[in-house]
Amino acid sequence: MIARPRRAYRRMRLGTRLALGLGALALVVFAVVGTALTTYMRDYLSAQLDTQLAQAQIAQSKSIADYGTLSGKKYYSWFYAVYDVSKGTPELRRPEDPADLPADVDDFTALASAQTAAHQELLRTEHLKGAGTYRLRACEVEPGVVLVSAAPMEDIEDTVGQLITIQVVTFALALLALVVFGRRMLRRGLKPLSDMASTAHGIASHDLTESAARLPLRADGRDGGPEVDELRTAFNTMLEHIDDSLAVRAEAEQRLRRFVADASHELRTPLMSVRGYADLFQYAAANAPEERDRHLARLRAEAARMGILLDDLLLLARLDAAEVEAPLRLEDADLTELVRQAADAFRASRTDHPLTVTTGPGAIEVRLDAQRVRQVLDNLLANAAVHTPPGTPVSMDVAVAVTSGTALVRIADAGPGIPPEDQERVFDRFYRVDKARSRDRGGSGLGLAVAQSLVRAHGGRIELNSEPGATVFTVRLPLDGAGAAAARGPETTAV
């Protein structure tokens, strides 16, 4: 029985619930006010009747004392009884008019007896048989004589009944108006919430699986007060965050597709070369044995090239998952010695690019992974050699920034520079500034991406400053390696 109304209540709209709640509260208030008003009116009228009884008995007592009779001092529908109590037991005097007494005088006799014992005026409300409810008052007229008067309370009951009827009708109309108009006002006040709910439904129907999905809807308006404005602001802020998340997801998906396509394309070239040279090797083994060594050397070169590409991809994957697997082996190392080793290797392999190295007078102790930092330096030097004409000078210097607690390595070349529109993307994987450059000369496009990821894994960053005739890569590494574990996200800065 109770479960069904409860389910019906739960299905109601919030405005209807609030209106019913206000109606129930108003009903309680009306009941309390009506009860208090009715009680006050009943007590007031009863007090008025008691006063009228007392005043009437004063005049009646004087008449009884002077003339021994009540003639001319009676009220319509009142009852009067005179008792002699001198002997201790109330004895009813014969009334002048039989209508002065009710059919049953037991209540009058009991009140006269009680007054004799109490020696003071007494008041009682009794229901007289065949007459109705009466207010009785007993007082001593003179020693040994008691007068009991009874006034009907019918007028009081009628007045109170009419008052209750008026209250019920008035309160019912007021309650109905409160529920009806209150519901309308509440619905109007809650309209901003309904608008936000409609906006949420519109968003739910929006296709969020699209790669460029955006949320075109926003909650607007100025109604509802400061609380609704605060909720509306929070709602729109949430939508902005969702939009940003969708944009990041779309960008990540696009980068992933581009990465897979580029990686497949980069691996396809050496694989096709391996297949071609394998066929040539098979042919040479059968028809031209003197060419087998040359074809075998090319097979090894293509396999080595593919191995380098796969090693770079694996390293990038490990750096991306650094929160699970730490790819660095930190130790105290001399950064100056690493710079010298990288310079010697560059001079030996790139004889067409003169290199100058500037270092301080002493060693620079830094906590780092020496092998990975050496890989960073080799990649940056190779990038300078590959993307500049032969004979272009390259310089490298190392210093310590005491104020920021970092070690700096600058690698500069006097080449043509990097266009401004490409500077923000040179660290992207498989990105090449010169789209027409062959892979044999330009590499796989992973060198700078690997360098940036390794420096970021150390808690440092790479800064790029490029203009025609001067390109400078600045590597900043913390001296104590404290930022290596916390390094996350791209931090490359174009200066």
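Up top is the structure.
Each value, and the rule that gives it
- Residues numbered from 1 in each chain as written.
- Predicted model: local features only at pLDDT ≥ 70, side-chain atom pairs only at ≥ 80, totals over all residues.
- Heavy atoms only, no water.
- Helix = DSSP H or I, 4+ residues; strand = E, 2+ residues; numbered from the N terminus.
- Buried < 20%, exposed > 50% of the residue type's maximum accessible area, 1.4 Å probe, protein only.
- Contact = heavy atoms within 4.5 Å.
- Areas by Shrake-Rupley, 256 points an atom, 1.4 Å probe, with all protein chains shown as cover.
- Pairing = 2+ DSSP bridges.
- Phe/Tyr/Trp six-rings, centres within 6.5 Å; stacked < 30°, edge-to-face > 60°.
- Salt bridge = Lys/Arg side-chain N within 4 Å of Asp/Glu carboxyl O.
- Axes fitted to C-alpha atoms, helices over the stretch in contact; angles between N-to-C directions.
- Parallel < 35°, antiparallel > 145°, perpendicular 65-115°, else oblique.
- Left-handed = near helix turned anticlockwise from the far one by under 90°.
- Nonpolar A, V, L, I, M, F, W, Y, C, P; charged D, E, K, R; others polar.

### Some points on the overall build of the chain
Of the regular secondary structure elements, the chain holds 12 helices and 13 strands. Taken across its 495 residues, the chain has 36% of its residues classed as buried. Taking the intrachain contacts of the chain between residues at least 6 apart in sequence as the baseline, contacts between residues at least 24 apart amount to 65%. For the chain, the accessible area works out to roughly 29000 Å², and carbon and sulfur atoms hold 56% of it.

### Some words on the pairing of strand 4 (residues 132–142)
Burial runs high along strand 4: 8 of the 11 residues are buried. Two strands pair when backbone bridges link them, and strand 3 (residues 122–128) and strand 4 are joined in this way by 7 bridges, in the antiparallel orientation. Opposite L123, over in strand 4, you have R137 as the bridge partner. In this structure, the hairpin formed by strand 3 and strand 4 is closed by a connection of 3 residues, where G130 is found at a positive phi of approximately 75°. As paired strands, strand 4 and strand 5 (residues 145–152) are joined by 8 bridges and run antiparallel to one another. Paired with E140 across the two strands is V146, which belongs to strand 5.

### So, the packing of aromatic side chains
The geometry of an aromatic ring pair is captured by two quantities: the separation of the ring centres and the angle between the planes. Taken as a whole and judged by the stated rule, the model has 6 aromatic pairs. Judged by centre distance (6.4 Å) and plane angle (35°), the ring pair of W78 and Y80 falls under tilted. As far as the burial class goes, W78 and Y80 line up, both buried. For the ring pair F427 and F473, a centre distance of 6.1 Å and an interplane angle of 85° mean the geometry is edge-to-face. In this pair, F427 is assigned in the loop between helix 10 (420–423) and helix 11 (439–442) and F473 in strand 12 (residues 470–478), connecting sequence segments 46 residues apart. Here F427 and F473 have matching classes, each one buried. Among the aromatic side chains, those forming a connected cluster through ring pairs are Y75, W78 and Y80.

### Description of the pattern of salt bridges
Summed over all chains, the structure comprises 11 salt bridges. Taking the shortest distance from any N to any O, the salt bridge between R347 and D344 comes out at 3.5 Å. A residue pair is termed a helical-turn pair when its members lie 3 or 4 positions apart in one helix, as R347 and D344 do in helix 8 (residues 335–349) at 3 residues. The class of R347 is partly exposed, set by a relative accessible area of 37%.

### Focus on the packing of helix 8 against helix 9 (residues 370–386)
Running from N to C, helix 8 and helix 9 cross one another at 40°; their axes reach a closest spacing of 10 Å. Taken together, helix 8 and helix 9 sit at an angle that is classed as oblique. Considering the relative orientation of helix 8 and helix 9, their crossing is right-handed. Taken together, the residues of helix 9 that come into contact with helix 8 (itself represented by L335, L338, V339, Q341, A342, A345 and F346) are A370, V373, R374, L377, D378, L381 and A385. Classifying every residue of the contact of helix 8 with helix 9 by side-chain character gives 11 nonpolar, 1 polar and 2 charged.

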